[in-house]
Structures are given as C-alpha cells and as structure tokens.
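Below are the chains, spelled out letter by letter.
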Amino acid sequence: MRSIRVTSPLPAGLLYAFATMILCTLLVSLLLVFTSMREQSLSLYVYLIHGAALLCGGLTAGKRSGFKGWYFGGVTGLLYALLIVLVSFLGFDAGWSIHTGILAVMSFLIGAVGGMIGVNLRK
C-alpha cells in the first residue's frame, strides 16, 4: 500500500490546516455534548479553532518551503480564508462585508507568523 505524501508547501499547509480544523471542531463538539458548556460560548471557540488551524497550516507550509516562510504561510492563510468564505457563501448564503476583508487580513497575518516559525524549525 502506497502512502500519499504532499511535498508542495501550499497544498500541504492547507491539508494540515483543514485537518487541524476538523480535529478541533470534533473536540469542541464533544465538549458541547458531554459537558455543561453552552452554545453561547461557541463564537470564541470558533475563532480559536480557525487561529490554531491557520497557525498549523502556515507552520507546515513554511517548514516545507524552507525559505520565505512568511510568504508561503501567508498565502496558505489567504487560501484557507478564501475556501472558508466560499463555503459560507455557497452553503449558508453569507454575503460579503467588511468582516470578510478583516478575515482575509487576519488569516494572512496568522499564516505568515506560522510560516516564519516553520522555516526556523527546519534543520
């Protein structure tokens, strides 16, 4: 059986970002079911999940690239934000607003920080 190995920085970063998002979302949903956590506190967890996913994706992209970690991490963050906005637009009929632009800028910055950390983790 052959294993799938993604070596390009951007697809690998996106793959790790979405894997992190899925795992963290599963963890929060289990906490919501099995504890006394209320749905009103979910907005904070949504931001934390996306931040962790962006950081992980940027870190992976920066580590795989070996140079220009801020660039590869930032572009990974922008692609992640674009996919999230696309899903919310198509699935939930969410429109474009100033929050979409803020999401894109913050995604770029968090991904770029992750990319800078990732480049420095490479030996």
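In this report, we go over the structure that sits alongside the text. This structure is a prediction, so every number in the text was calculated from the model and none was measured.

About the cut-offs
Residues numbered from 1 in each chain as written. Predicted model: local features only at pLDDT ≥ 70, side-chain atom pairs only at ≥ 80, totals over all residues. Heavy atoms only, no water. Core = buried A, V, L, I, M, F, W, Y, C linked by side-chain atoms within 4.5 Å. Buried < 20%, exposed > 50% of the residue type's maximum accessible area, 1.4 Å probe, protein only. Helix = DSSP H or I, 4+ residues; strand = E, 2+ residues; numbered from the N terminus. Contact = heavy atoms within 4.5 Å. 1 Å grid on protein atoms, 1.4 Å probe; cavity = no way out; pocket = protein on both sides within 12 Å on 5 of 7 lines; lining within 4 Å. Points joined across faces, edges and corners; volume = space filled by probe spheres on them. Nonpolar A, V, L, I, M, F, W, Y, C, P; charged D, E, K, R; others polar. Axes fitted to C-alpha atoms, helices over the stretch in contact; angles between N-to-C directions. Left-handed = near helix turned anticlockwise from the far one by under 90°.

1. Thoughts on the nonpolar core
Moving on, step 1. Residues Leu14, Ala17, Met21, Val28, Met37, Ile49, Ala53, Leu54 and Tyr80 constitute the largest nonpolar core, which totals 9 residues.
Moving on, step 2. Elements supplying a minimum of two residues to this core: helix 1 (9-34) and helix 2 (42-65).
Moving on, step 3. Per element, the largest residue contribution to this core is 4 residues, and it comes from helix 1.
Moving on, step 4. Among residues more than four places away in sequence, those in contact with Met21 are Ile49, His50, Ala53, Tyr80 and Ile84.

2. A short note on the layout of surface pockets
Moving on, step 1. Each pocket or cavity is described by its volume, and for the largest pocket that value is around 520 Å³.
Moving on, step 2. Forming the walls of the largest pocket are 22 residues, and the residues nearest its centre are Tyr47, His50, Ile84, His99 and Leu103.
Moving on, step 3. For the lining of the largest pocket, the elements supplying multiple residues, two or more each, are helix 2, helix 3 (69-92) and helix 4 (98-121).
Moving on, step 4. Each residue belonging to the lining of the largest pocket can be placed in one class, and the counts come to 14 nonpolar, 8 polar and no charged.
Moving on, step 5. Roughly 190 Å³ of volume is contained in the second largest pocket.
Moving on, step 6. Lining the second largest pocket we find Met21, Thr25, Val28, Ser29, Leu32, Leu42, Tyr45, Val46, Ile49 and His50.
Moving on, step 7. For the lining of the second largest pocket, the residue count by class is 7 nonpolar, 3 polar and no charged.

3. A short note on the packing of helix 3 against helix 4
Moving on, step 1. Packing of helix 3 against helix 4 brings their axes to within 6 Å, and their N-to-C directions diverge by 145°. Both helix 3 and helix 4 take part in a crossing whose hand is right-handed. On helix 4, the residues touching Gly69, Trp70, Gly73, Gly74, Val75, Gly77, Leu78, Ala81 and Val85 of helix 3 are Thr100, Leu103, Ala104, Ser107, Phe108, Gly111, Ala112, Gly115, Met116 and Val119.
Moving on, step 2. Across the contact of helix 3 with helix 4, the residue classes break down as 11 nonpolar, 8 polar and no charged.

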